[in-house]
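Observations on the three-dimensional arrangement
Spelled out, the chains give:
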Amino acid sequence: MKLILPTVFLAVTSIACCMTLYTYDLHFPKRDPGNVVILQRGLPRLEAFSIVFWMRTTDDEESPSGMAIVSYAVRDSDNEILLYLHRYGESRQMRIYIGEDWDDVEVDLCNGIWHHVAVTWSMARGRWALYVDGERLQTSSSRLNLGKSIRTGGCLVVGQDQDSACGGFEPEQGFIGELTGLNIFDHDMGEL
């Protein structure tokens, strides 16, 4: 896995899924709390971010609760950042949590083909945007975490939702599929 933060180097403390080091591919073959990447060093304080990755997954009818892609939790906020795929009735959505606030975007990423995904956010406006395969699908319909930064000292997890920092994993919320080229930047690339 490749994480780029211009001012911080993160250490991978636990890789329990299958990782092909030379291509930075992460494979999550089944829903299992052991299929997870944990970076305990966390993130720096962020006033903006862009999370960018390639993903491929299929729809899993057995888990209507959804799948976590990226989760960042701090001591008193288990959803400081969370990118989560789920169903709402017949529609498929991505739920974007930022500082415990959230918004849903209708998008089908669970179709078995590769998608390039970018989620951007800025504290100054509380504005977020979702880009899929080079197209901006949606920008803020609400102001998420307006005027508040993403706090430091947390735990970054790939492939599971955290119900507490670095833990509280529930098997039914695990990601199934493949991720590659995961990058986290400390600015909103949509504002460049």
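All of these numbers come straight from a predicted model, not from anything done at the bench.

1. Focus: the environment of Pro-29
In this structure, Pro-29 sits in the loop between strand E3 (25-28) and strand E4 (37-39). On the basis of relative accessible area, Pro-29 is assigned to the exposed category, the value being 62%. Residues Pro-29 and Glu-178 lie 149 residues apart in sequence; the distance between their C-alpha atoms is 8.2 Å. With sequence-adjacent residues up to four places away left out, Pro-29 is seen in contact with Asn-35 and Ile-176.

2. Quick word on the nonpolar core
Membership of the largest hydrophobic core comes to 40 residues, with the highest contact counts inside it found for Ile-69, Met-94, Ile-96 and Leu-130. By residue number, the principal contributor to this core is strand E6 (residues 67-74), which donates 5 residues. Ile-69 has contacts with Phe-53, Met-55, Leu-83, Leu-85, Met-94, Val-157, Val-158, Gly-159, Phe-175 and Leu-179, leaving out every residue within four places of it along the chain.

3. Describing the side chain of Ser-50
By secondary structure assignment, the location of Ser-50 is in strand E5 (residues 48-56). Ser-50 gets classed as buried once you look at its relative accessible area, which sits at 1%. In this view, Ser-50 contacts Val-119, Thr-120, Asn-183, Ile-184, Phe-185, His-187, Asp-188 and Met-189; residues no more than four positions away in its chain are not counted.

4. With respect to the pattern of salt bridges
If you walk through the whole model with that rule in mind, you get 7 salt bridges. Here Arg-45 makes a salt bridge to Glu-47, at a shortest N to O gap of 2.8 Å. One salt bridge in this structure joins Arg-95 and Asp-104, with 2.8 Å as the shortest N-O distance. Among the charged side chains, a network of salt bridges with common partners joins Asp-76, Glu-80 and Arg-151.

5. Overview of the packing of aromatic side chains
For the coordinates displayed, the defined rule picks out 3 aromatic pairs. Ring geometry for Phe-28 against Phe-175: centres 5.7 Å apart, planes inclined by 85°, an arrangement best described as edge-to-face. Taken together, the residues Phe-28 in strand E3 and Phe-175 in the loop between strand E13 (155-158) and strand E14 (177-185) connect sequence positions 147 residues apart. Judged by its relative accessible area of 1%, Phe-28 is buried. For Phe-175, a relative accessible area of 1% corresponds to the buried category. Centroid distance Phe-49 to Trp-121: 5.5 Å. Interplanar angle 35°. Geometry classified as tilted.

6. A closer look at the state of the cysteines
Inspection of the entire model under this criterion finds 1 disulfide. Two residues, Cys-155 and Cys-166, share a disulfide whose sulfurs are 2.0 Å apart. Looking along the S-S bond of the Cys-155-Cys-166 disulfide, the torsion reads about 110°, which is the right-handed sense. With a gap of 11 residues between them, Cys-155 in strand E13 and Cys-166 in the loop between E13 and E14 connect regions that are remote in the sequence.

7. Regarding the pairing of E5
For E5, a buried count of 7 out of 9 residues is recorded, marking the element as mostly surrounded by other parts of the structure. Two elements, E5 and strand E10 (residues 115-122), share 8 bridges in a ladder whose sense is antiparallel. Across the sheet, Ser-50 pairs through a bridge with Thr-120, a residue of E10. Of the strand pairs in this sheet, E5 and E14 are connected by 6 bridges, and their pairing is antiparallel. Note on E14: the bridge partner recorded for Ser-50 is Phe-185.

Here is what the cut-offs are and how they apply
- Residues numbered from 1 in each chain as written.
- Predicted model: local features only at pLDDT ≥ 70, side-chain atom pairs only at ≥ 80, totals over all residues.
- Heavy atoms only, no water.
- Helix = DSSP H or I, 4+ residues; strand = E, 2+ residues; numbered from the N terminus.
- Buried < 20%, exposed > 50% of the residue type's maximum accessible area, 1.4 Å probe, protein only.
- Contact = heavy atoms within 4.5 Å.
- Core = buried A, V, L, I, M, F, W, Y, C linked by side-chain atoms within 4.5 Å.
- Salt bridge = Lys/Arg side-chain N within 4 Å of Asp/Glu carboxyl O.
- Phe/Tyr/Trp six-rings, centres within 6.5 Å; stacked < 30°, edge-to-face > 60°.
- Disulfide = S-S within 2.5 Å.
- Pairing = 2+ DSSP bridges.

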